[in-house]
Amino acid sequence: MSYQWSLDASELFGERYPQMVNTGLPVADIDSVRAAVTEMWADAPGGWVHEWSKLAAAYADAGAHEQAALAYGWAKFPTLADESKRVALTKQLEQYQLAAPGFGVGFDRYVLELPYRGGTTSVPVHLFTPFDLPADRPVVLASGGVDSWKMDVHGLMVLLATHLRARVLVFDIAGTGESTVPMTGAGGGEMVGGLIRHARSLGNGVVAHVGISMGGYYSARSGLGGEVDAAVVLGGPVEAAFTGERTYAFGMDGIVGNAMGFDAPPDPGQLAVSRAEFSLRPLLDQDRNSPMLVVNGADDVHVPQLDTLVFQGRRDTVVNLVPDTGHCAVSKLPEVFPTIIGWLDRTLAATKLVR
C-alpha cells in the first residue's frame, strides 16, 4: 500500500541538503544531481529517482560501493511510493553488501521473526561488531526515522560501534524500509520489544536504544517504559507532534501517510486520528524511565520544541535543545554526536557496575 503526492523536489533539496552533505557524498556530486532534478516522481531524465540512480550507478561502476549505496538511498527517498523507488532500495542493499568488507567493523545481516499484533513479522537487521570485541560488552539497538532508514544512517552506526566498543543492532522501524507492516505506536513498540529481548542475548545483557527522528519516538517509548538500560532520543516526536490537525512541512504528511499504510492521501481528519494513537503522554505521566538523553535542534520544522522540553526535570534525564539548527540537529551532528557517544559511554559503564 503506497501512494504518490504533490511534492516540490527543489524544496526537498533545500530542506535535506545538510543531511545529504553530512552522510558522506561529495558536495559537487550532490549539487550536480540537484541541478538536474526538475520533478519528483518521473522515472526519466530530470526525475528524482532517475538522476540519483544515475549517480549511484556511476559509483557502482567505479567500485565505490558505499557511495553507491548512499546515492541509491537518496534515489528511493522519501518513501517506496512506486516501483522505481522499490528498485532503488533493492540496488541500495546490493551495493551496501558489496561495501561491507570495507566497513571497518564486523558486519552481519539476518532476519528476526518478531511478535506483532497477535502474530509475527519478519525484521531484517544489521549487526555491527568491532573486531576483537570482548563478549561482555553492551549492545546498542538503533534505528533511523520515517524516511532515513538503517542503511541511510550507516556512518553514525559505525561511529557508535567503534567509539563505544559495543555491538550495534540496526533495524528499520515499522512502516519503513524493509518493514512489511504499517507504522503504529503499539505495534511498532511491540516489534521493538522483541528486538530488545534479542539484543540482551548478544552481549552482557545491557542494552541501550538510540533512535533518530521517528526512530526517536520508539527510543523514547522504550526509555520511558524502562525497557532498556539507557535511551537516546535524537529529534523524536513524543506528544505535541501528534496533536490536532497540524500540517507537516516538506512533504512529511505524505511520508507519514505512506508509513501508516494509507493507499491514497488521507484527509487531515484521518491523519489526526491515526496520529493520536502515538502520543506518549501515558508514559510521560509515569516515573519508571531509564536514564535518557533527549536532543533536538531548536529550529526543527517537523517536531515542536515542546516534544524535547517536556523531558526537562525528569529523573535521570538530560535535555539538550541545540540552537541554530533544525530537525535532529543535523547541521551540527559533528558536534552533537560525540556528546551522545560520551553520554552513552558513561551511562552504560555505570549500568554495568550495578547490574
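Preceding block: the structure.
The following refers to the structure shown. (Residues numbered from 1 in each chain as written. Predicted model: local features only at pLDDT ≥ 70, side-chain atom pairs only at ≥ 80, totals over all residues. Heavy atoms only, no water.)

**Section: the environment of Val319**
The condition is simple: Numbered from the N terminus, helices here are DSSP runs of H or I no shorter than four residues, and strands are runs of E no shorter than two. Partly exposed describes any residue whose relative accessible area lies between the buried limit of under 20% and the exposed limit of over 50%, with all areas from a 1.4 Å probe on protein chains only and scaled to the type maximum. Contacts are assigned to residue pairs that have any heavy atoms within 4.5 Å of one another.
Relative to the helices and strands, Val319 resides in strand S8 (residues 317-322). The exposure class assigned to Val319 is partly exposed, which follows from its relative accessible area of 25%. Distance in space between the C-alpha atoms of Val319 and Asn258 is 31 Å, their sequence separation being 61 residues. Filtering out sequence-adjacent residues up to four positions away, Val319 remains in contact with Val294, Thr308, Phe311 and Gln312.

**Things to note about unusual backbone geometry**
For the bond running from Phe77 to Pro78, omega is 0 degrees, close enough to zero to count as cis. Locating Pro78 in the fold gives a position in the loop between helix H4 (65-76) and helix H5 (83-99). Phi is positive for Arg165, close to 50 degrees, though the residue is something other than glycine. Topologically, Arg165 is positioned in the loop between helix H6 (154-164) and strand S4 (167-171). Judged by relative accessible area, which is 33%, Arg165 ranks as partly exposed.

**Quick notes on the packing of helix H3 (residues 48-61) against H4**
The condition is simple: Under this scheme, a helix contributes an axis fitted over its contacting stretch, all axes are lines through C-alpha atoms, and angles between N-to-C directions fall in the 0 to 180 degree range. Our angle categories are set so that under 35 degrees counts as roughly parallel, over 145 as roughly antiparallel, 65 to 115 as roughly perpendicular, and the remainder as oblique. Each residue is assigned to one of three groups, with Ala, Val, Leu, Ile, Met, Phe, Trp, Tyr, Cys and Pro labelled nonpolar, Asp, Glu, Lys and Arg labelled charged, and all others, Gly among them, labelled polar.
Between H3 and H4, whose axes approach to 8 Å, the crossing angle comes to 175 degrees. With respect to H4, the element H3 is oriented roughly antiparallel. Of the residues in H4, those in contact with Trp48, Val49, Trp52, Ser53, Leu55, Ala56, Ala57, Tyr59 and Ala60 of H3 are His65, Gln67, Ala68, Ala71, Tyr72, Trp74 and Ala75. When grouped by side-chain class, the residues that make up the contact of H3 with H4 number 13 nonpolar, three polar and no charged.

**Some words on the packing of aromatic side chains**
Note the threshold: Aromatic rings from Phe, Tyr and Trp, taking only the six-membered ring of Trp, are treated as a pair when their centres fall within 6.5 Å; an angle between ring planes under 30 degrees marks them as stacked, one over 60 as edge-to-face, and anything in between as tilted. Criterion for a charge above a ring: Arg CZ or Lys NZ at most 6 Å from the ring centre, at most 35 degrees from the ring normal.
Scanning all chains against the criterion turns up 17 aromatic pairs. Ring centres of Phe13 and Trp48 lie 4.6 Å apart, and the angle between their planes is 40 degrees; on these two criteria the pair is classed as tilted. Placement of the pair is Phe13 in helix H1 (residues 9-22) and Trp48 in helix H3, with a sequence separation of 35 residues. Residue Trp48 is classed as buried on the basis of its relative accessible area of 0%. Joined through ring pairs, the aromatic side chains of Phe13, Trp48, Trp52, Trp74 and Phe77 make up one cluster. The side chain of Lys76 reaches across the aromatic face of Trp149, ending 3.9 Å from its centre.

**Brief notes about the side chain of Ser143**
Relative to the assigned elements, Ser143 resides in strand S3 (residues 139-143). A relative accessible area of 0% places Ser143 in the buried class. If we ignore the near neighbours within four places in the chain, the residues touching Ser143 are Phe171, Ile173, Val210, Gly211, Ile212 and Gly215.

**Some remarks on the pairing of strand S7 (residues 292-297)**
Worth spelling out the cut-off: Only strands joined by at least two bridges in the DSSP assignment are considered to pair.
The element S7 is largely enclosed, with a buried count of six among its six residues. Judged by which residues are buried, S7 turns out to be covered on both faces: Met292, Val294 and Asn296 on one side and Leu293, Val295 and Gly297 on the other are all buried. Note that strand S6 (residues 230-234) and S7 share four bridges and pair parallel. By the bridge assignment for S7, Val232 is matched with Leu293. Sheet topology note: the S7/S8 ladder contains six bridges and is parallel. Looking at S8, one finds that Gly297 is bridged to Val322.

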